Amino acid sequence: MPYRRPNLRPTTRPASTPGRRGRRAGLCAVLLTGFVTTAFAAGAVGPAAAADTGTGTTPATAQSEARVTTAVLDLDHLAAKPQLRGKDVPYDTASIVKVDILSALLLQAQDAGRGLTQQERTLAEAMIEHSDNDAANALWREIGLAPGLKAVNKRLGLTSTVGGTGGLWGLTRTTASDQIGLLRAVFAVDGTASATKPALTTASRSYIRTLMTRIATDQSWGVSAASDSAWALKNGWLQRTTTGLWDVNSVGEVTSGTHHYLVAVLSDGNTSMATGIKMVENAARTAVTSARAAG
């Protein structure tokens, strides 16, 4: 049965919307002030937190150690395995873990037989659409930190994702294959994704997908570069103060040609956020082009 795609964000943007290059420049300028790269953690304090949160400046001695891994799954050929490029090893999630946090929140609410409260929805929308860290801090605590994430991920089929210790949710470690597993749990369509009932309900999956199509304009880079008509995504970026190098990640669903693809691109060791974005977008294009060629 063909994959039935939910409404996704169109690639075409209004003429008044700044181009991707302009948005990147604006975002990077903000990052260089040290405003955005504050704690990817709940109540991050102390030496451990300081060692892993960005200072907003890249030391002159930083040397590129960039690596990237991509995974792509054709949603119109679900029997196929994800196509992998690069080593399927763990990377820091940075803010892509926010999709996992929201999935955990929704699954826990399902177990309790309730919907999300208005406050939870407000936090979830800020966390996904604007990558708000304060919102993520609150929801990370609510789901039970790393142990809560682990329990939910076991039910979602993730086997190589380890939550950050304490409040350091941005230092969760994951693989490209696990991110495809998470995306599959979110973008599954009843009757087409698998023979078993998805852990997340239709309403929960639809809610996550909807928020992933409403990403703030200045954050709508990444796997969307591989789409020619519509996309849904979440990005993550984090500068490591120990090296001055950047983790830059992007995960989501894109439409290319007549097919729909789940795409996960994880990278680290980038000398700047801008170079990381460029590598992630090039990797996404290459991976999707390869998947299209494979049929």
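Attention in this report is confined to the structure presented alongside it. (Residues numbered from 1 in each chain as written. Predicted model: local features only at pLDDT ≥ 70, side-chain atom pairs only at ≥ 80, totals over all residues. Heavy atoms only, no water.)

1. A look at helix H4 (residues 118–129)
Definition in use: Runs of E in the DSSP output that reach at least two residues are strands. Runs of H or I that reach at least four are helices, and both are numbered from the N terminus. What a helix is expected to span follows from its residue count: subtract one and scale by 1.5 Å. Buried means the residue's accessible area, taken with a 1.4 Å probe over protein chains only, is under 20% of the maximum for its type, while exposed means over 50%, and partly exposed covers the values in between. Only heavy atoms enter the contact rule, under which two residues are in contact if any of them lie within 4.5 Å.
Between its first and last C-alpha atoms H4 spans 16 Å; for 12 residues at 1.5 Å apiece the expected length is 16 Å, and the two agree. All of the buried residues in H4 are Glu 120, Ala 124, Met 127, Ile 128 and Glu 129. The secondary structure elements touched by the buried residues of H4 are helix H3 (97–111), helix H5 (133–143), helix H8 (202–212) and strand E6 (230–239). Immediately beyond the C-terminal end of H4, within one or two residues, lies Ser 131, with a positive phi of roughly 55 degrees.

2. Considering unusual backbone geometry
Even without being glycine, Ser 131 reaches a positive phi, approximately 55 degrees. By the element assignment, Ser 131 lies in the loop between H4 and H5. Phi angles above zero are rare outside glycine, and Leu 145 is one such case at about 55 degrees. Inspection of the secondary structure puts Leu 145 in helix H6 (residues 145–156).

3. Describing the side chain of Asp 92
Within the secondary structure, Asp 92 is located in strand E4 (residues 91–92). On the basis of relative accessible area, Asp 92 is assigned to the buried category, the value being 7%. Contact partners of Asp 92, with chain neighbours within four places excluded, come to Gly 170, Leu 171, Thr 172, Arg 173, Arg 240, Asp 247 and Asn 249.

4. With respect to the environment of His 259
To keep things clear, this is the line we draw: The term polar contact refers here to a pair of N or O atoms within 3.5 Å; inside protein, the definition further demands a hydrogen-donor-capable atom paired with an acceptor-capable atom, and it admits residues adjacent in sequence only when both atoms are side-chain atoms.
Within the secondary structure, His 259 is located in strand E8 (residues 259–270). Separated by 32 residues in the primary sequence, His 259 and Ala 291 have C-alpha atoms spaced 9.8 Å apart. Within the structure, the side chain of His 259 is placed 2.7 Å from the side chain of Asp 74, a separation counted as a polar contact.

5. Points about the nonpolar core
Put simply, the rule reads: Only buried residues count toward a nonpolar core, which is a set of Ala, Val, Leu, Ile, Met, Phe, Trp, Tyr and Cys residues joined through side-chain atoms within 4.5 Å.
Ranked by size, the top nonpolar core spans 70 residues in total, and within it Leu 102 and Val 263 carry the most contacts. Sort the elements by how many residues they give to this core and H3 lands first, with 9 residues. When neighbours within four sequence positions are excluded, Val 263 is seen to be in contact with Ala 71, Val 72, Ile 180, Leu 183, Val 223, Ser 250, Val 251, Gly 252, Val 254, Ala 284 and Val 288.

6. Quick word on the packing of H3 against H4
As a reminder of what qualifies: Between the N-to-C directions of two axes lies an angle of 0 to 180 degrees, each axis being a line fitted to C-alpha atoms and, for a helix, fitted only over the stretch in contact. Working rule for angles: under 35 degrees goes down as roughly parallel, over 145 as roughly antiparallel, 65 to 115 as roughly perpendicular, anything else as oblique. By the definition used in this description, the sense in which the near helix is turned from the far one sets the handedness, with an anticlockwise turn below a right angle giving left-handed and a clockwise turn giving right-handed. Any residue that is not Ala, Val, Leu, Ile, Met, Phe, Trp, Tyr, Cys, Pro, Asp, Glu, Lys or Arg is counted as polar, Gly included; the first ten are nonpolar and the last four charged.
Running from N to C, H3 and H4 point in directions that differ by 160 degrees, and their axes come no closer than 10 Å. Judged by the angle between their axes, H3 and H4 are roughly antiparallel. Remark: the crossing between H3 and H4 carries left-handed chirality. Only Glu 120, Ala 124, Met 127 and Ile 128 of H4 make contact with H3, whose side of the interface consists of Lys 98, Val 99, Ile 101, Leu 102 and Leu 105. Of the residues in the contact of H3 with H4, the class split is 7 nonpolar, no polar and 2 charged.

7. Regarding the sheet that holds strand E1 (residues 9–10)
Counted only if it meets this: In this scheme, strands are said to pair when DSSP sees at least two bridges between them.
The strand order across the open sheet formed by 6 strands is E1-E6-E7-E8-E2-E3, and the pairing between neighbours is antiparallel. Two strands in the sheet have a free side with no partner beyond their single neighbour: E1 and strand E3 (83–85). Bridge count between E1 and E6: 2 bridges; the pairing is antiparallel. Along E6, the bridge assignment pairs Arg 9 with Trp 231. Contacts between H8 and the sheet are confined to E6 and strand E7 (246–256), with E6 contributing the most and set at about 70 degrees to the helix.

8. Here we look at the pattern of salt bridges
Note the cut-off: Salt bridge, as used here, is a side-chain nitrogen of Lys or Arg placed within 4 Å of a carboxyl oxygen of Asp or Glu.
Counting across every chain of the model gives 9 salt bridges. Between Arg 292 and Asp 228 there is a salt bridge whose closest N-O contact spans 3.8 Å. Separated by 64 residues along the polypeptide, Arg 292 in helix H9 (residues 273–293) and Asp 228 in the loop between H8 and E6 bring together distant segments of the chain. On the accessibility criterion, Asp 228 (45% relative accessible area) is partly exposed. Through salt bridges with shared partners, a single ionic network connects Asp 92, Arg 173, Arg 240 and Asp 247.

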